[in-house]
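The residues making up each chain are set out below.
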Amino acid sequence: MSRSFDVVVIGAGPAGYIAAIRAAQHGLSVACIDEWKNHDGKNAFGGTCLNAGCIPSKVLLESSELFHRANHEFSKHGITANDISIDIAKMQKRKATIVRQLTGGVAGLLKAAKVEGLVGHGKLLAGRQVEFTPVEGEREVLDARFVVLATGSTPVELKIAPFDGDKIVDSWGALEFEEAPARLGVVGAGVIGLELGSVWSRLGSEVVILEAMDDFLFMADRDVGKEAQKQFKKQGLTVHLGASVTSAKVAGESVLVEYKDQSGDQQLEVDKLVVAVGRRPFTDGLLADDSGIDTDERGFVVVDDECRTGVKNVFAIGDCVRGPMLAHKGSEEGVLAADLIAGEVAELNYGVIPSVIYTAPEIAWVGKTEEEVKASGRAYKTGSFPFAASGRAKAMEQTDGMVKIISAEDDDEILGVHIVGPMAGELISEAVLAMEFQASTEDLQRTIHAHPSLTEAIHEASLAVDNKALNYPNR
Ligand code: FAD
Ligand code: NAD
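J.: How would you summarise a positive patch on the surface if you had to cite specific residues and measurements?
T.: A contiguous patch of positive charge on the surface is contributed by Lys42, Lys90, Lys93 and Arg100. If you trace the backbone, Lys93 turns up in helix 4 (residues 88-112).

The structure is reproduced here in structure tokens:
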């Protein structure tokens, strides 16, 4: 007899495991299937985020930033540190330990919530049945009242620069280097290109990033993009804009990259090449021919605003559906789906999902860019405040960057907040909360901010919107 569950979740990344836990909190019987296998051959829950994405990249960003600061900043504080070196094997071991702790933590959380964690492949059949092929043991068909698809995404591979797992690698490969390549090429100056380019540049690689678009960080507010570009240049990251890669081939110990830019055909020789040109939804082997689930032309599972697919009681969440490919977006969709399954009223405010790039300085934003507001035709006002005028930033020796706020002229609504600077990824939470509560700019202006803190830059930027900044000259 087949086992039956109230909810079967396929995928245990930040979208799937959160959906499973929340569904279990509602008293539902839940199974969560995942097939992730690490390079050591071991299976682990947590998906891309914990095993090969958010967490390992942030661990390496932290280690490499400390190394960089010890080399370049300590002396400004009067600290002499001679013979600073980095043991990359030890750095990688620390990363592996943190990943193991956190993925083991997910397994523990599922168990504590009484979710049946199933290791293997899940496939959606017709009639809300799920075929489960375990890593070990017999294939079985599970009956589900509800199914949640949360199978995530995978790196886009370029035909002209195929991965070989050694010299031409994806982001996972770039997280595993055993030493800093002397010459590192990166295709794509997106989030991954900048984060992982920064890691290896700080550890000694000469990094060249090739970006097809003409604008740097085209998805960010232009002021932020320009400021970030200036800072990365200062750090020695070379970014070629308007550069279309035409081929990349391994030639002996090197990779030969050919690309075109406005000056014509160019060549670049590197020791390793990271291709980071985006990710595609991963639904390979997920859907039986008669499952009834629609995917769009880019492979995303088609869902409505409530993450419902076209098949009754089948939801899809996270990177395999439309919207930004971010862990926190997937997790909140997991909560949304589970709450709706439990019969609760629930919704997700897609307009206030924060984006963070964990470089130094960090880059973070929420809401609309100035260009988007302008295009919408709504009258607006802006205010900004540079970290150079922040006492706390000075104490931290991190004065690059600024906070910029865009507000509506008519009702003072905060439309977008954009930060490039120290701890931007933490600071942005204040703006997210303000926008979630539909605070006005005046609300921010009247909120007491601790002194001296980086948050004062948000306060001053909100004052600057109405030319009332107190610690910086107004326009
Ligand atoms: P995933 O995390 O991809 O999980 C999907 C899971 O489903 C996987 O374990 C997969 O093995 C499993 N699966 C797939 N198909 C099946 C099947 N048929 N049967 C069983 N199991 C299956 N986002 C952020 O918000 N912040 C960051 O700092 C950040 N950094 C990143 C850094 C890097 C280098 C990368 C690559 C990504 C980063 N991301 C970051 C993006 C983030 O990792 C994803 O948005 C997030 O993991 C998506 O979650 P998900 O649960 O939808 O999918
Ligand atoms: P991305 O979409 O952020 O950037 C890809 C870049 O590659 C773009 O700038 C694009 O113009 C460029 N590009 C595309 N094709 C190209 C080509 N042929 N030649 C040169 N450039 C080309 O994608 P990513 O950096 O691969 O990251 C994938 C996803 O992972 C993103 O959606 C991101 O949201 C997520 N992620 C998030 C974080 C974070 O939140 N801090 C970190 C890493 C990844």
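J.: Go over a negative patch on the surface, please, and point to the residues and values.
T.: Residues Asp214, Asp215, Glu371 and Glu372 make up a contiguous surface patch of negative charge. The class of Asp214 is exposed, set by a relative accessible area of 64%.

J.: Please provide a residue-by-residue account of the site of ligand 1, values included.
T.: Lining the immediate environment of ligand 1, one finds 37 residues, of which Asp34, Thr48, Lys58, Asp319 and Ala327 sit closest. Interatomic distance of 2.6 Å between a side-chain N/O atom of Thr48 and an oxygen atom of ligand 1. Met325 is positioned with one of its backbone polar atoms (N or O) 3.2 Å from an oxygen atom of ligand 1. Look at ligand 1: alone it shows 1000 Å² of surface, and the protein chains cover 94% of it. For the shell around ligand 1, the secondary-structure elements that each account for two or more residues are strand 2 (30-34), helix 2 (47-52), helix 3 (54-72), strand 3 (116-124) and helix 8 (327-341). It is helix 2 that provides the largest number of residues to the shell around ligand 1, a total of four residues. Here the shell around ligand 1 is composed, by residue class, of 17 nonpolar, 15 polar and five charged.

J.: Which residues make up the site of ligand 2, and what values do they have?
T.: For ligand 2, the set of nearby residues contains 22 residues, the closest of which are Ile192, Glu195, Glu211, Gly278 and Val356. One of the backbone N or O atoms of Ile192 is found 2.9 Å from an oxygen atom in ligand 2. Between Val356 and ligand 2, the recorded distance is 2.7 Å, taken from a backbone N or O atom to a nitrogen atom. Within the complex, 77% of the 850 Å² of free accessible area of ligand 2 lies under protein. Sorting elements by how many residues they give to the shell around ligand 2 places helix 6 (residues 191-202) first, with three residues. Among the residues making up the shell around ligand 2, the classes are represented as 15 nonpolar, three polar and four charged. Per-domain counts for the shell around ligand 2 show at least three residues from each of domain 1 (4-155 + 280-348) and domain 2 (168-277).

J.: Which residues make up the side chain of Ser355, and what are the values?
T.: Mapped onto the elements, Ser355 comes out in strand 17 (residues 355-357). Sequence-distant contacts of Ser355, that is, excluding residues within four places in its chain, are made with Leu326, Ile363, Ala364 and Trp365.

J.: Could you give an account of the packing of aromatic side chains, with specific residues and numbers?
T.: The full count for this structure, using the stated rule, is four aromatic pairs. Their ring planes at 45 degrees and their centres at 5.1 Å tell us that Trp36 and Trp172 sit as a pair that is tilted. Of the two residues, Trp36 is situated in the loop between strand 2 and helix 2 and Trp172 in helix 5 (residues 171-174); the sequence distance between them amounts to 136 residues. Residue Trp172 is classed as buried on the basis of its relative accessible area of 17%. When the centroid spacing of 5.4 Å and the interplanar angle of 55 degrees are considered together, the rings of Phe177 and Trp200 count as tilted.

J.: So what's going on with the pairing of strand 13 (residues 264-270)? Which residues, and what values?
T.: Inspection of the sheet shows strand 12 (residues 254-261) paired to strand 13 by seven bridges, in the antiparallel sense. Each residue of the ladder has a partner; that of Tyr259, found in strand 13, is Gln266. Linkage of strand 12 to strand 13, two consecutive antiparallel strands, is achieved through a turn of two residues.

What counts, and at which threshold
Residues numbered from 1 in each chain as written. Chains lettered and ligands numbered in written order. Predicted model: local features only at pLDDT ≥ 70, side-chain atom pairs only at ≥ 80, totals over all residues. Heavy atoms only, no water. Patch = residues over 30% accessible without salt bridge, like charges linked within 9 Å, V, L, I, M, F, W, Y side chains within 5 Å. Areas by Shrake-Rupley, 256 points an atom, 1.4 Å probe, with all protein chains shown as cover. Salt bridge = Lys/Arg side-chain N within 4 Å of Asp/Glu carboxyl O. Lys, Arg positive; Asp, Glu negative; His and termini not counted. Charge placed at Lys NZ, Arg CZ, Asp CG, Glu CD. Helix = DSSP H or I, 4+ residues; strand = E, 2+ residues; numbered from the N terminus. Buried < 20%, exposed > 50% of the residue type's maximum accessible area, 1.4 Å probe, protein only. Near = heavy atom within 4 Å. Polar contact = N/O pair within 3.5 Å; in protein donor to acceptor, adjacent residues only side chain to side chain. Nonpolar A, V, L, I, M, F, W, Y, C, P; charged D, E, K, R; others polar. Domains from an automatic or database assignment. Contact = heavy atoms within 4.5 Å. Phe/Tyr/Trp six-rings, centres within 6.5 Å; stacked < 30°, edge-to-face > 60°. Pairing = 2+ DSSP bridges.

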